[in-house]
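Structure at a glance
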Amino acid sequence: MLDALPADRVLSAGVIDGRNIWRSQPAHVLPLLEKIVARRGTDGLWLAPSCSLLHTPIDATQETALPPALRSWLAFAQQKLEELRLYADALSGSRTARDALNEQTALLAQRSHALGVQRQDVRARLNALSPQATLRRSELAHRRVVQAEALALPLLPTTTIGSFPQTDALRRARADHRSGQLNNAAYETVLANEIRHVLQQQEAAGLDVLVHGEPERNDMVEYFGEQLDGFAFTRQGWVQSYGSRCVKPPIIWGDVARPAPMTVRWSSYAQSLTDKPVKGMLTGPVTVLQWSFVRDDLPRETVCRQLALALRDEVHDLEHAGIRVIQIDEPALREGLPLRQADQAAYLDWAVQCFRISAGGVGDATQIHTHMCYAEFNAIIDAVAALDADVISIESSRSRMELLEAFERYHYPGDIGPGVYDIHSPRVPASEEIVTLLRSALRVLDPKQLWVNPDCGLKTRGWAEVTPALEAMVAAARALRVELASIPG
Ligand code: GLN
Ligand code: ZN
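Residues numbered from 1 in each chain as written. Chains lettered and ligands numbered in written order. Predicted model: local features only at pLDDT ≥ 70, side-chain atom pairs only at ≥ 80, totals over all residues. Heavy atoms only, no water.

Before going further, it helps to spend a moment on the packing of helix 16 (residues 431-442) against helix 17 (residues 463-485). Their axes nearest at 8 Å, the elements helix 16 and helix 17 cross at an angle of 50°. Taken together, the axes of helix 16 and helix 17 are oblique relative to one another. In this structure, helix 16 crosses over helix 17, and the sense of that crossing is right-handed. Here Ser431, Ile434, Val435, Leu438, Arg439 and Leu442 of helix 16 lie close against helix 17, whose contacting residues are Ala472, Met473, Ala475, Ala476, Leu480, Glu483 and Leu484. Of the residues contributing to the contact of helix 16 with helix 17, the split by class is 10 nonpolar, 1 polar and 2 charged. (Axes fitted to C-alpha atoms, helices over the stretch in contact; angles between N-to-C directions. Helix = DSSP H or I, 4+ residues; strand = E, 2+ residues; numbered from the N terminus. Parallel < 35°, antiparallel > 145°, perpendicular 65-115°, else oblique. Left-handed = near helix turned anticlockwise from the far one by under 90°. Contact = heavy atoms within 4.5 Å. Nonpolar A, V, L, I, M, F, W, Y, C, P; charged D, E, K, R; others polar.)

What the domain assignment lists for the protein is domain 1 (11-113) and domain 2 (120-485). Look at where the C-alpha atoms of domain 1 and domain 2 centre, and you get two points 39 Å apart. Taken together, the contact between domain 1 and domain 2 spans 18 residues of the former and 17 residues of the latter. A buried area of about 1300 Å², summed over both sides, lies between domain 1 and domain 2, and 62% of it is on carbon and sulfur atoms. For the interface between domain 1 and domain 2, the tally reads 2 salt bridges. (Domains from an automatic or database assignment. Buried area = accessible area lost by both parts, 1.4 Å probe. Salt bridge = Lys/Arg side-chain N within 4 Å of Asp/Glu carboxyl O.)

Attention now moves to the pattern of salt bridges. Summed over the entire model, instances satisfying the criterion amount to 27 salt bridges. Of the charged contacts, one joins Asp229 and Arg119 as a salt bridge, the two residues approaching to 2.9 Å between their closest N and O atoms. On the criterion of sequence distance, the pair formed by Asp229 in strand 3 (residues 229-232) and Arg119 in the loop between helix 4 (95-111) and helix 5 (120-128) is long-range, its members being 110 residues apart. For Arg295, the salt bridge is made with Asp297, and the minimal N-O distance between the two is 2.7 Å.

Here the focus is the sheet that holds strand 3. Pairing is mixed in the open sheet, where 3 strands are placed in the order 3-6-8. Each edge of the sheet is formed by a strand with only one pairing partner; in this case those strands are strand 3 and strand 8 (293-294). As defined by bridge partners, strand 3 adjoins strand 6 (residues 251-257) across 3 bridges and the pair is classed as antiparallel. Bridging across to strand 6, Ala232 finds its partner in Ile251. (Pairing = 2+ DSSP bridges.)

Moving on, we come to the sheet that holds strand 7 (residues 279-283). As summarised here, the arrangement of the 5 strands in space is 7-9-10-11-12, forming an open sheet in which the pairing is parallel. Since the sheet does not close on itself, it has two edges, and those belong to strand 7 and strand 12 (415-418), each with one partner. Between one strand and the next, the sheet's axes are offset by a mean angle of 20°, whatever the strand orientation.

As paired elements, strand 1 (residues 11-16) and strand 2 (residues 45-49) share 5 bridges and run parallel to each other. Looking at strand 2, one finds that Gly14 is bridged to Ala48. What joins strand 1 to strand 2 is helix 1 (residues 26-40), and the crossover it makes is right-handed. (Right-handed = clockwise from strand over helix to strand, strands pointing away.)

Put into structure tokens, the structure is as follows:
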């Protein structure tokens with residue numbers, strides 16, 4: 001590589017990882033630089049991050065609420081620039097720069113011994129995990145029969161993807177609770193009332209599998225990260241997600257473990273209010289990984305397995321609490337796909353395994369759902385099938401059910417809920433439109449396989465749109481049920 005570049009060209013060496021948020025290891029960077037200098041000298045040598053600093057927040061020194069040790073391991077954009085300066089100065093013979101880099105080496109050497117970074121209990125459990133852990137007790141075909149009996153759902157069951165409108169009142173209550181203006185008891189009353197309201201609305205609309213509405217969740221990753229060991233949260237760690245949308249991902253710095261159940265309380269409360277099944281709602285291990293800043297001292301795959309085990313315990317506890325349907329959302333499965341084609345199969349392999357570790361512990365009668373929010377998934381359809389979920393719901397309405405082409409070629413043995421209306425738009429769909437979409441789905445799917453649900457969660461919508469949209473959805477399912485019942489066989 002080094003020799004390929006003519007000697008008279010400038011070499012901008014991307015020696016610092018621009019994508020992560022961690023301080024670099026001088027023991028890795030310095031030898032690399034010395035090798036470059038030995039070959040080409042320092043003339044025409046520039047030092048740079050490996051890519052634009054768009055993926056890192058601005059300044060780690062602002063994060064005064066973080067534990068000082070953790071903060072000392074971090075390099076956001078500002079710190080990465082400082083590191084580049086140090087490396088450059090060290091190369092030009094600066095003693096102070098060398099000393100500073102030695103200090104950094106010493107600091108990072110302590111990282112692996114810091115409390116919580118490497119936990120024996122977590123590591124031992126992961127090492128002892130057998131391949132059996134990724135398996136359900138029986139095959140999908142058998143589970144379907146057991147679940148049909150246990151849940152007694154109608155043909156074309158109707159459900160939603162999890163969240164219901166995050167109203168201003170809810171947001172205000174959460175903010176007041178965070179700032180201490182609303183005490184725990186009062187905040188929990190707000191949540192309980194909201195859950196009761198969400199259930200009443202779903203019963204009134206005539207939905208078959210209900211949800212609690214996720215009013216307690218600010219964000220589908222943050223909510224879990226806040227309750228898991230090994231996570232930390234920044235105050236200003238914003239990065240661009242797409243367009244003008246920014247996110248503040250949590251930092252996974254230590255071994256991940258679940259000290260206590262995370263969702264059982266609100267799911268059980270919701271289930272106690274109705275005879276219909278209430279779907280437990282979890283964010284899957286791959287999505288939590290993908291939407292966090294991940295530690296650089298463990299393979300991503302290992303961090304994901306730790307997450308998978310923590311979620312497996314949650315799934316088990318939900319089942320134990322009487323929750324018969326559990327959805328494990330994996331909207332980020334596809335975006336984790338490595339750019340290099342050669343790396344894609346290995347990624348999909350461990351990503352699928354992690355999902356299956358989370359879901360693998362339950363009985364046949366417990367129905368596992370997963371959800372993804374994009375339509376073009378031909379590239380990963382094998383992996384989606386390999387998740388071995390009983391039901392998958394997928395965004396589909398905007399592409400007019402194009403995704404069904406994938407299922408035309410690939411016969412999925414489980415159930416599928418292609419989204420029947422676009423939740424990104426305030427427009428309320430007419431029930432006839434939904435019937436049309438369902439009819440096109442039925443050209444490819446068996447009626448016994450088809451679920452009826454929106455494209456995604458409803459948290460960005462208002463009740464004025466949600467109520468009539470769900471009514472239209474239920475009316476469409478009912479109309480088609482009547483029609484299907486009159487066809488013999
Ligand atoms: N259960 C989540 C919700 O309804 C799923 C969100 C997502 O797919 N991004 O909000
Ligand atoms: Zn979604």
